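Architecture at a glance
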Amino acid sequence: MVSLSFQWPLATMSFLLFSLVTLLIVSAPSWCQSSDTTAPEASNGAPFPWNKVRLPEHVIPVHYDLMIHANLTTLTFSGTTKVEITASQPTSTIILHSHHLQISKVTLKKGAGEGQSEDPLRVLEYTPHEQIALLAPEPLLVGVPYTVVIDYAGNLSESFHGFYKSTYRTKKGEVRVLASTQFEPTAARMAFPCFDEPALKASFSIKIRREPRHLAISNMPLVKSVTIAEGLIEDHFDVTVKMSTYLVAFIVSDFKSVSKMTKSGVKVSVYAVQDKINQTEYALDAAVTLLEFYEDYFSIPYPLPKQDLAAIPDFQSGAMENWGLTTYRESALLFDAEKSSASSKLGITMTVSHELAHQWFGNLVTMEWWNDLWLNEGFAKFMEYVSVRVTHPELKVEDYFLGKCFDVMEVDALNSSHPVSTPVENPAQIREIFDDVSYEKGSCILNMVRDYLGADAFKSGIVQYLQKYSYKNTKNEDLWNSIASICPTGGTQGMDGFCSRGEHSSLSSHWRQEGLDVKTMMNTWTLQKGFPLITITVRGRNVHMKQEHYMKGSDDVPETGYLWHVPLTFITSKSDSVHRFLLKTKTDVLILPEEVEWIKFNVGMNGYYIVHYEDDGWDSLTALLKRTHTTISSNDRASLINNAFQLVSIGKLPIEKALDLTLYLKHETEIMPVFQGLNELIPMYKLMEKRDMNEVETQFKAFLIRLLRDLIDKQTWTDEGSVSERMLRSRLLLFACVRKYQPCVQRAEGYFREWKESNGNLSLPNDVTLAVFAVGAQNTEGWEFLYSKYQSSLSSTEKNQIEFALCTSQNKEKLQWLLDQSFKGDIIKTQEFPGILILIGRNPVGYPLAWQFLKENWNKLVQKFDLGSPSITNIVMGTTNQFSTRTWLEEVKGFFSSLKDNGSQLRCVQQTIEIIEENIRWMDKNFDKIRMWLQNENLGL
């Protein structure tokens, strides 16, 4: 699954209006697990025969026959599930999952084939665990096939999971209804009774009943359609491969489609509403190219005859990897050649690449339980980078991949973070691990291990892993064992160079002595939360290294004593070839061939750690940046900016030194360092906006414009250049206009006037549209005109840009109206609500409204978006994590603790409280220093 991130770099929000497909910050709380010894009580008052959240292991599903009939007029559905099971020990109870389904009849057939006698089964339901118990008159025999037949009915879900209702308006304004599925992680049980755990894989034969005017699609191709009655058709789909329940999918709609074949004969189709079918070409071509890439890279053919990609009008996350039928938010799949932005093209490519990677990582080989979700998501995230770099080199994905590592470090530095592989049990906990740690940290540590082993050895390891565990389930250690078996500890056997690292380094003897214990090394990264801070002290030719757990928080944060096996890399003023050193102990020393002026660790930011340089180490690096910043790569420059401010947070570096380092940005032109500079500096004035600090806030904003003015003035108001140049232009012009830099505002006003006079028909350069709309929305007439265009627009990019602009208004009534309308979901869809709430939560006049809205509507929000979901996390963090006063802290704590089981235990609540405490400490410590620094700096720029 791809989640949406709403990390709008703060006031100016993200260059990825596209909502680039990452996941914000949450995760599994450390709820106590009780498996009560007293028998639970079923809904009818009888004792329920099972008291655990996890299903018993002795009844195994083999095959499901599903028949589902959805009525898109009454918004209900009925179904029959026939599931073939076997028992590994005698039992007279069958426990499976069912949620919000009305079960009318259950029977049990013994043996295979037709004509078997059917025994009725008694049904008990235990809603807290979303389970039913089927009670057989006599125990099931071991090893004999049985078939359970369940007739049931339900309502199409009003949320975004299960078998749910979605709607769209045609160009003529007619509202059309469709029904689609989203089962991951625990919602297949809302569409059919099933053994809804990832390790209980089975094959599925699916039949869908529909009206003739509709079309049904599912995981597999259509085999035949049978007319059941007048106006009722039953579609029979081919039997699936063995797979987990969360990957089952079916859609009943009036979508249209376009198709192409891959070289190996897989039919790829993109489905969308008729009015947008002309926006499917880009995704179709990308899907064909990427599917061919993965077949080649993994050396395993894609096992199904077809791969569909469907754009769903209502969709909570970014996309979902259902096997053979991947589903997407429209903005994550549809590309309008005239209006879509450069970041939208990048986002669509990455999303399609992520879901197709899952067809192998996740679908073919699946984690045994959700605690190792990162094996699915970290890999799919990492493969986005590996694949798109090869298939779409012009997108230069390497420019953005590492920025994700900085983002996740922000939460991974909190005490409330969690290890990549972490215990979870109930559905809310499971939903909570669809977070940055599972996705982004997972991909960052995979990138680090690939850099460490060499790309070829890494690839051989993962291919072996996929081949060995095809159609099976795995645990964390299975991956490391597969990779380690490629790298025997001797280091030479057939793969010389990869394991011994000989060709990489003048310190290769160090690697040889070590041998590679990949599993022990990677356990330090997956079984411990957080990451190391490496402190470097240079004494002549001796480089002293020390590692400790980097953790934000007050001085009384308990020392964890964690140690990592850190694959250090470095370059020096005397050598630009990459040197390597594996730090396994708390301290170590390495000896350089000669003394150096400067040393830079974590080359290219391939390692998931941050570095502090003692004594004059930072001064020499700052001097290097001022003198000739291009001596080191743009990723290295971005990582210096990031690390410097991380060190300010824990008191290792004065804020003045970090600010001094950013002054070199006056001469920077590359996207990563500029974006990283903005990501560090903008939050400072965002904290000030939520306190009464107008004078310094104004000075700080003026300083930022002065710092980047040369680069802003250089931007052309066109769509020329590479994707990186275009995304940089879009972000800079938006920043300049929002900060009221007059040359930018005047030009944007001119464009907006022309666009408005043409009734929105004038084609604006896509890269400047955001800035133009944001300026246009500042007066009532412009705001109303933008909203009128929003209603008729068919372009996801344009709608997102207008939404963003509307949320920058300084008119409180307008902002309140946006909150109400997007939550209602009539013209502005409810799927847009979390993003709108966050934007208003970032708005200097809107943030109290966003917080108030969250408090007043909490129960409805949880009903719609699900406790523990990434949407709820985004909503909580987005409305509160820029508060920096004790008053706000107490209010946030008070509200969430009053929720009891309905939210107080969420990890995102613990995280936001930690962040607010950190903001308070940070401001208390650094505000006066910033004020003094600005007064002195005023002279310099």
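Residues numbered from 1 in each chain as written. Predicted model: local features only at pLDDT ≥ 70, side-chain atom pairs only at ≥ 80, totals over all residues. Heavy atoms only, no water.

**Digging into the overall build of the protein chain**
Counted only if it meets this: Numbered from the N terminus, helices here are DSSP runs of H or I no shorter than four residues, and strands are runs of E no shorter than two. It is over C-alpha atoms that the radius of gyration is taken, and the globule rule equals 2.2 Å times the number of residues to the power 0.38. Only protein chains enter the accessibility calculation, which uses a 1.4 Å probe. A residue is then buried if its area is under 20% of the maximum for its type, exposed if over 50%, and partly exposed in between. To measure how exposed things are, a 1.4 Å probe is used in the Shrake-Rupley method; for residues, cover is taken only from the protein chains shown. We count Lys and Arg on the positive side and Asp and Glu on the negative side, and we leave His and both chain ends out. To locate a charge, take atom NZ for lysine, CZ for arginine, CG for aspartate or CD for glutamate.
The secondary structure content of the protein chain amounts to 27 helices and 29 strands. Computed over C-alpha atoms, the radius of gyration of the protein chain comes to 28 Å, within 12% of the 30 Å expected from 2.2 N^0.38 for 941 residues, which places it in the range of a compact globule. Split into buried and exposed, the 941 residues of the protein chain put 65% on the buried side. Taken as a whole, the protein chain presents about 33,000 Å² of accessible surface, with 49% of it coming from carbon and sulfur. Taking the average location of the 92 positive side-chain charges in the protein chain and that of its 110 negative ones, the two points are 2 Å from each other.

**Describing the packing of aromatic side chains**
Basically, it comes down to this: For Phe, Tyr and Trp, rings pair up if their centres lie within 6.5 Å, where Trp contributes its six-membered ring, and each pair is then called stacked (planes under 30 degrees apart), edge-to-face (over 60) or tilted (otherwise). Put simply, a charge is over a ring when the Lys NZ or the Arg CZ is close to the ring centre, within 6 Å, and near the line of the ring normal, within 35 degrees.
Tallied over the full model, the rule gives 62 aromatic pairs. A ring pair is formed by Phe823 and Phe833, whose centres lie 5.0 Å apart and whose planes are at 55°; its orientation type is tilted. One end of the pair, Phe823, is in helix α21 (residues 812-824); the other, Phe833, is in helix α22 (residues 833-841), with ten residues separating them in the sequence. For the pair formed by Phe823 and Phe833, the shared burial category is buried. Above the ring of Tyr847, the side-chain terminus of Lys690 is found at 4.9 Å from the ring centroid.

**A short note on the side chain of Thr80**
Rules: Counting of polar contacts relies on pairs of N or O atoms within 3.5 Å, with two restrictions inside protein: one atom must be capable of donating a hydrogen and the other of accepting it, and residues adjacent in sequence are counted only when both atoms are side-chain atoms. The contact rule is simple, with two residues in contact once any of their heavy atoms fall within 4.5 Å.
With respect to the helices and strands, the residue Thr80 is situated in strand β2 (residues 76-87). Thr80 sits in the buried class, given a relative accessible area of 18%. Polar side-chain contacts of Thr80 include one of 3.0 Å to the side chain of Asp151. Non-local contacts of Thr80, meaning those with residues more than four positions away in its chain, are made with Asp65, Leu66, Met67, Val149, Ile150, Asp151 and Tyr152.

**Re the packing of helix α4 (residues 398-412) against helix α6 (residues 436-453)**
Where we set the bar: In this analysis, axes come from line fits to C-alpha atoms, helices being fitted only over the stretch in contact, and the angle between any two N-to-C directions falls in the range 0 to 180 degrees. Orientation categories follow fixed angle ranges, with anything under 35 degrees roughly parallel, anything over 145 roughly antiparallel, 65 to 115 roughly perpendicular, and all other angles oblique. Note on convention: near helix rotated counterclockwise from far helix by under a right angle means a left-handed crossing. Clockwise means right-handed. In this count, Pro and Cys sit with the nonpolar residues alongside Ala, Val, Leu, Ile, Met, Phe, Trp and Tyr, while Asp, Glu, Lys and Arg are called charged and the others, Gly among them, polar.
Interaxial distance between α4 and α6 falls to 9 Å at its minimum, and their mutual angle equals 125°. With respect to α6, the axis of α4 lies oblique. In the crossing of α4 with α6, the sense of the turn from one axis to the other is left-handed. Residue-level inspection shows Phe401, Leu402, Lys404, Cys405, Val408, Val411 and Asp412 of α4 in contact with α6, the latter providing Asp436, Val437, Glu440, Lys441, Ser443, Cys444 and Asn447. Of the residues assigned to the contact of α4 with α6, the class counts are seven nonpolar, two polar and five charged.

**A word on the sheet that holds strand β28 (residues 599-601)**
Here is the rule: For two strands to be treated as a pair, DSSP must find at least two bridges joining them.
Sheet architecture is open: three strands sit in the order β26-β25-β28, paired in antiparallel fashion. The open sheet terminates on both sides in strands that have one partner only, identified here as β26 (575-583) and β28. Strand-to-strand twist in this sheet, taken as the mean axis angle between neighbours without regard to direction, amounts to 25°. Where strand β25 (residues 566-572) and β26 come together, six bridges link them in antiparallel fashion.

**Considerations on the nonpolar core**
Worth spelling out the cut-off: We define a nonpolar core as any set of buried Ala, Val, Leu, Ile, Met, Phe, Trp, Tyr and Cys residues linked to one another through side-chain atoms lying within 4.5 Å.
By size, the foremost hydrophobic cluster in this structure holds 317 residues, and its most contacted members are Phe192, Phe700 and Trp858. In contact with Trp858, not counting residues within four places along its chain, are Leu867, Ile872, Val876, Phe895, Phe896, Leu899, Asn902, Gly903 and Leu906.

**Some details on the pairing of strand β8 (residues 146-155)**
For a regular strand, side chains alternate in direction, first toward one face of the sheet and then toward the other. The buried fraction of β8 is high, at seven of ten residues. Taken together, the eight bridges between strand β4 (residues 102-110) and β8 define a ladder with antiparallel strand orientation. Among the inter-strand pairings, Lys105 is bridged to a residue of β8, identified as Asp151.

**Quick word on the state of the cysteines**
Just so we agree on the cut-off: Throughout, disulfides are identified as pairs of cysteine sulfur atoms within 2.5 Å of each other.
Under the counting rule described, the total for this entry stands at two disulfides. Covalent S-S linkage joins Cys405 and Cys444, the inter-sulfur distance amounting to 2.0 Å. When the S-S torsion is -105°, as for the bridge of Cys405 with Cys444, the disulfide is left-handed. Taken together, the residues span a long stretch of sequence, with Cys405 in helix α4 and Cys444 in helix α6 at a distance of 39 residues. In terms of burial, Cys405 and Cys444 fall into one category: buried.

**Section: the side chain of Glu355**
Condition: We define a salt bridge as a contact between a side-chain nitrogen of Lys or Arg and a carboxyl oxygen of Asp or Glu at a distance within 4 Å.
Tracing the backbone shows Glu355 in helix α2 (residues 342-358). Lacking a salt bridge, the buried Glu355 has Lys381 as its closest oppositely charged neighbour, with an N-O distance of 8.4 Å.

**Quick look at the environment of Ile433**
As for its placement among the helices and strands, Ile433 is situated in the loop between α5 (427-432) and α6. Between the alpha carbons of Ile433 and Asp478 there is a distance of 20 Å; along the sequence they are 45 residues apart.

**Structural notes on the sheet that holds strand β19 (residues 319-320)**
The strand order β16-β17-β18-β20-β19 describes an open sheet built from five strands, whose pairing is mixed. Each end of this open sheet is capped by a strand with a single partner; those strands are β16 (256-261) and β19. The pairing of strand β17 (residues 267-272) with strand β18 (residues 306-312) spans five bridges and is parallel. The partner of Tyr271 across the bridge, within β18, is Ala310. Here helix α1 (residues 281-298) sits on the sheet in contact with β16, β17 and β18, set at roughly 150° to β17. Packing of α2 onto the sheet brings it into contact with β18, β19 and β20 (325-329), and relative to β20 it is tilted by some 150°.

**Observations regarding the packing of helix α26 (residues 886-897) against helix α27 (residues 907-937)**
As a packed pair, α26 and α27 sit with axes 10 Å apart at the nearest point and diverge in direction by 170°. By the criterion of interaxial angle, the relationship of α26 to α27 is roughly antiparallel. Residues Arg886, Leu889, Val892, Lys893 and Phe896 of α26 form the contact with α27, whose own contacting residues are Val909, Thr912, Ile913, Ile916, Glu917, Ile920 and Asp924.

**Quick notes on unusual backbone geometry**
Glycine aside, residues mostly have negative phi angles, and peptide bonds mostly take the trans form. Look at the link from Glu184 to Pro185: it is a cis peptide, with omega at 0°. Among the secondary structure elements, Pro185 is positioned in the loop between β10 (175-182) and β11 (203-210). Located in the positive-phi region is Tyr471, a residue other than glycine, with phi close to 65°. Locating Tyr471 in the fold gives a position in the loop between α7 (455-468) and β22 (472-474).

**With respect to the environment of Asn44**
Locating Asn44 in the fold gives a position in the segment before β1 (59-71). Judged by relative accessible area, which is 52%, Asn44 ranks as exposed. A sequence separation of 602 residues divides Asn44 from Gln646, and the C-alpha atoms of the two residues are 56 Å apart. Residues in contact with Asn44, not counting those within four places in the same chain, are Arg122 and Leu124.

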